[in-house]
Amino acid sequence: MIRLALCACAAVLALSAARGAGAGRNPRPTSVWVLDGPEAQPMRDGLQRLGIAFSDLKSLDGAPPEGCRVLVLSGTRPPVKEADKETIRRFVEGGGAVLAVGGGARCLIDLGLFDAGAYTMTGTTLHNTSLDGCHRLTFGYPAGVPDLLRATDGPFMEVGPRATSIIRAGGPYSLAAIQRLGKGYLLSIGADPQGGRLFTDVDKFRPVSGKAQKTDGLLANAIAFLLDPRGNLIPDPGFEDALPYWEVTARGGARSERLKNGAAEGKVCLKLACPGAKATAEARPARPVVIERGETYTFRCQYKATAPWKVSWQFVKAPGRNETFESGPVVDVPASEEWRRFDGTLIAPSDVAYVRPVLSVQGTGELLLDAVTLSLDGESGQP
């Protein structure tokens, strides 16, 4: 089901990364807490490199500290006991979030909190990945996260129906998946975007940082998302670095270009131009967008068009190499000589975790697009 409305409104907010002020072991209360344990130091180092403020936590006895919004479980064996299971559950159901990385991801699965099966290879390994879908977690990685390091015995996950895969490692296995639990989120990453020890022999290793692997951004994106799950899920096609995230199809003499002046909000907007009756042009995210089943989303964009155009939705039931699409609602949008905002509401079907908006124009006319966003509705998500 989708409800749509048009209005000439002020600009919508662009994506902004959520980061803490300062970095490292901040003596003041912080939103991000890192549970100590074997090989947790690379996580601390990664957060410090990114300028994300965090505090250390020795144990989960009782409950996470007051003010904690993101609890980070990392390293080979986080000190989490079976008795801590209900502590974590209550924390997340109440609106908190857990980022479980490497051995932390295995910990959540072993506790029965994360809906996935686990397969753990021995040793440390590097994996070139692909994306099951576009998500805030993947901003900066249009095709897949390069050489993602498994350094702390993290699992390859076969996700169940309550979880959704974002990053795939090949075959049925996911290396990053998300699950809603009450008002909060569990985000499991089987590898180590912050880096760690890469063994070159049985007893020889070298330290490898997330900066060197170019995967620090995945960690930054994860924290930003968990602090603000209502942010935009798709890069705007007018952003300078967003073009790889978008596919443009032009037929019958149609063409597309990125205009570097005249945009509604940013410096660049996307132009689709059709010269005649048989011409069609359409733009869509290159990968389906990862959403939550049954939740409500707001879709917005700024547009200027000399002809009517359409917003169509594709529902993806099985992402990956043999992914299948089902057609969703199609909405006709009137032409406008001036920049105008398009607002729509998407209620995701209960069995759909990946969607793709398709923006198209046909016949003689031009369509300019800017400030395209898809975000969780304000009434959904954690407080």
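Preceding this paragraph is the structure being described.
These lines cover the structure that appears in this document, whether it is placed above or below. (Residues numbered from 1 in each chain as written. Predicted model: local features only at pLDDT ≥ 70, side-chain atom pairs only at ≥ 80, totals over all residues. Heavy atoms only, no water.)

### Focus on the overall build of the chain
The helix and strand inventory of the chain stands at five helices and 25 strands. Here the chain holds 383 residues, and the buried ones make up 57% of them. Within the chain, contacts between residues separated by at least 24 positions form 75% of all contacts whose residues are at least 6 apart in sequence. Accessible surface, the chain: about 15,800 Å² in total, of which carbon and sulfur atoms supply 50%. (Helix = DSSP H or I, 4+ residues; strand = E, 2+ residues; numbered from the N terminus. Buried < 20%, exposed > 50% of the residue type's maximum accessible area, 1.4 Å probe, protein only. Contact = heavy atoms within 4.5 Å. Areas by Shrake-Rupley, 256 points an atom, 1.4 Å probe, with all protein chains shown as cover.)

### Section: helix α2 (residues 85-93)
Among all positions in α2, only K85, T87, I88, F91 and V92 are buried. Along the axis of α2, the buried residues cluster in a sector spanning 165°; they form a single face. Contact partners of the buried residues in α2: β5 (70-73), β6 (97-101), β13 (173-181) and β14 (184-189). The positive-phi residue at the C-terminal boundary of α2 is G95, with phi of around 120°. (Arc of directions from axis to C-beta.)

### Quick notes on empty space enclosed by the protein
Going through the model one piece at a time under the given rule, you end up with one cavity of 30 Å³ or more. The computed volume of the largest cavity comes to approximately 40 Å³. Partitioning the lining of the largest cavity into residue classes produces five nonpolar, no polar and one charged. (1 Å grid on protein atoms, 1.4 Å probe; cavity = no way out; pocket = protein on both sides within 12 Å on 5 of 7 lines; lining within 4 Å. Points joined across faces, edges and corners; volume = space filled by probe spheres on them. Nonpolar A, V, L, I, M, F, W, Y, C, P; charged D, E, K, R; others polar.)

### Some words on the environment of A105
With respect to the helices and strands, A105 occurs in helix α3 (residues 103-110). Ignoring any residue separated from it by four or fewer positions in sequence, one finds A105 in contact with A100, P155, S188, I189 and G190.

### Overview of the pairing of β5
Here β5 shows no split at all, with V70 and V72 on one side and L71 and L73 on the other all buried. For strand β3 (residues 32-35) and β5, the ladder comprises three bridges, and the chain directions are parallel. Bridge assignment links V32 to a residue of β5, and that residue is V70. Both β5 and β6 contribute to a ladder of four bridges, which runs parallel. Counted as the bridge partner of V72 is L99 from β6. For the handedness criterion, the β-α-β arrangement of β5, α2 and β6 is classed as right-handed. (Pairing = 2+ DSSP bridges. Right-handed = clockwise from strand over helix to strand, strands pointing away.)

### Observations regarding the pattern of salt bridges
Where charged atoms of side chains with opposite charge meet at close range, the side chains can pair. As enumerated under the stated definition, the model contains 21 salt bridges in all. Among the ionic pairs, D36 bridges to R44, the shortest N-O distance being 2.5 Å. For D36, a relative accessible area of 21% gives the class partly exposed. On the basis of relative accessible area, R44 is assigned to the buried category, the value being 6%. A salt bridge links D132 to R168; the shortest N-O distance between them is 2.9 Å. Within this pair, whereas D132 is found in the loop between β9 (130-131) and β10 (148-150), its partner R168 is found in strand β12 (residues 163-170), the two being separated by 36 residues in sequence. As far as burial versus exposure is concerned, D132 and R168 are alike and both buried. By sharing partners, the salt bridges in this structure join D36, R44, D56 and K58 into a single network. (Salt bridge = Lys/Arg side-chain N within 4 Å of Asp/Glu carboxyl O.)

### Details of the packing of aromatic side chains
Here the structure, examined in full by the defined rule, presents nine aromatic pairs. Three or more aromatic residues joined by ring pairs make a cluster, and in this case those are F299, Y303, W309, W313 and F342. (Phe/Tyr/Trp six-rings, centres within 6.5 Å; stacked < 30°, edge-to-face > 60°.)

### What about the side chain of Q213?
With respect to the element layout, Q213 can be found in helix α4 (residues 210-213). Those residues in contact with Q213, other than ones at most four positions away along the chain, are L126, P146, D147 and V208.

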